[in-house]
Amino acid sequence: GESVGLHLPTLSVQEGDNSIINCAYSNSASDYFIWYKQESGKGPQFIIDIRSNMDKRQGQRVTVLLNKTVKHLSLQIAATQPGDSAVYFCAEKEGTGRRALTFGSGTRLQVQP
Amino acid sequence: DTGVSQNPRHKITKRGQNVTFRCDPISEHNRLYWYRQTLGQGPEFLTYFQNEAQLEKSRLLSDRFSAERPKGSFSTLEIQRTEQGDSAMYLCASSLDRQGDRLFFGSGTQLSVL
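As the structure is a prediction and not an experimental result, all values here were calculated from the model. (Residues numbered from 1 in each chain as written. Chains lettered and ligands numbered in written order. Predicted model: local features only at pLDDT ≥ 70, side-chain atom pairs only at ≥ 80, totals over all residues. Heavy atoms only, no water.)

**Q** I'd like to hear about the pattern of salt bridges, residue by residue, with values.
**A** Side-chain pairs of opposite charge can arise where the charged atoms are in close proximity. Inspection of the entire model under this criterion finds 10 salt bridges over all chains. We note a salt bridge from Asp101 of chain B to Arg51 of chain A, for which the minimum N-O separation is 2.8 Å. Here Arg51 of chain A lies in strand S4 (residues 45–51) and Asp101 of chain B lies in the loop between strand S9 (88–95) and strand S10 (104–105), a pairing that spans two chains. Looking at Asp101 of chain B, the relative accessible area reads 5%, which means it is buried. Arg51 of chain A sits in the partly exposed class, given a relative accessible area of 32%. Arg61 of chain A is the partner of Asp84 of chain A in a salt bridge, and the nearest nitrogen-oxygen pair spans 2.9 Å. (Salt bridge = Lys/Arg side-chain N within 4 Å of Asp/Glu carboxyl O. Helix = DSSP H or I, 4+ residues; strand = E, 2+ residues; numbered from the N terminus. Buried < 20%, exposed > 50% of the residue type's maximum accessible area, 1.4 Å probe, protein only.)

In structure tokens:
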């Protein structure tokens, strides 16, 4: 059978713990960043986004942190639940007029009950 | 359902055949994107429309691939003379100018080329 997510780094956490998923980007011209969650057989689902003029943004149970100095983005999920188990992708958009998002390679989050 | 709709969900074809996928974006979304995703990888950008105009194409979009959005609403992606390397999930996304750069994705069309 197929090997799902063969090359994906995996983060395994206990239910109720906080999760931190990291993402490095290389394009200093990027001005917009976004996190998506993707469950098996579904398209990516928006979680939270942030523009480069901010370094932190909070949503419901999620926080995105942006460190432009080291080109690093992180997604924090508070009180992780089994329903949070999925593959998480960060994506960036260049601030040069391009509209397309460029995606990273993803991290699989496994929540242990 | 007012989300992005893609058809078919699955397509199995033989090498050398042509296939066409359809995407219906969220109503009133003027931007439409096609991405391709292979197992274990993030989505890769293929092409982007603003209304009916195709404004950007990736170098991944070989001459066997063509996309259209004739009336600025639904879009089709055609792959001619399919190859086994075309096997992937083809994702469509849409967005609205005044809502910024957030893309809303459909569930994709899974293509298997035998």
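Read on for the rest.
**Q** Tell me about the interface of chain A and chain B, residues and numbers included.
**A** Tallying the contact residues gives 24 residues for chain A and 21 residues for chain B. A per-residue breakdown of the area chain A buries against chain B is headed by Pro44, Arg99 and Phe103 of chain A, which together make up 28% of the total. Across the chain A-chain B interface, the total number found is two salt bridges. Where chain A packs against chain B, one counts six residue pairs in polar contact (both at pLDDT 80 or more). Mapped onto the side of chain A that touches chain B, the elements with two or more residues apiece are strand S3 (30–38), S4 and strand S8 (86–94) of chain A. Top element by residues in the side of chain A that touches chain B is S3 of chain A. It accounts for four residues. When its residues are assigned to classes, the side of chain A that touches chain B shows 10 nonpolar, seven polar and seven charged. (Contact = heavy atoms within 4.5 Å. Buried area = accessible area lost by both parts, 1.4 Å probe. Polar contact = N/O pair within 3.5 Å; in protein donor to acceptor, adjacent residues only side chain to side chain. Nonpolar A, V, L, I, M, F, W, Y, C, P; charged D, E, K, R; others polar.)

**Q** Report on unusual backbone geometry, specifying residues and quantitative values.
**A** Asn7 of chain B connects to Pro8 of chain B through a cis peptide bond whose omega is -10°. Mapped onto the elements of the fold, Pro8 of chain B is located in the loop between strand S1 (5–7) and strand S2 (10–13). Its identity is not glycine, yet Arg61 of chain A carries a phi of approximately 65°, on the positive side. A positive phi angle is found at Arg81 of chain B, which is not glycine, with a value near 50°. With respect to the helices and strands, the residue Arg81 of chain B is situated in the loop between strand S8 (75–79) and S9. A residue is classified by how much of its surface remains accessible, and Arg81 of chain B, at 46% relative accessible area, is partly exposed.

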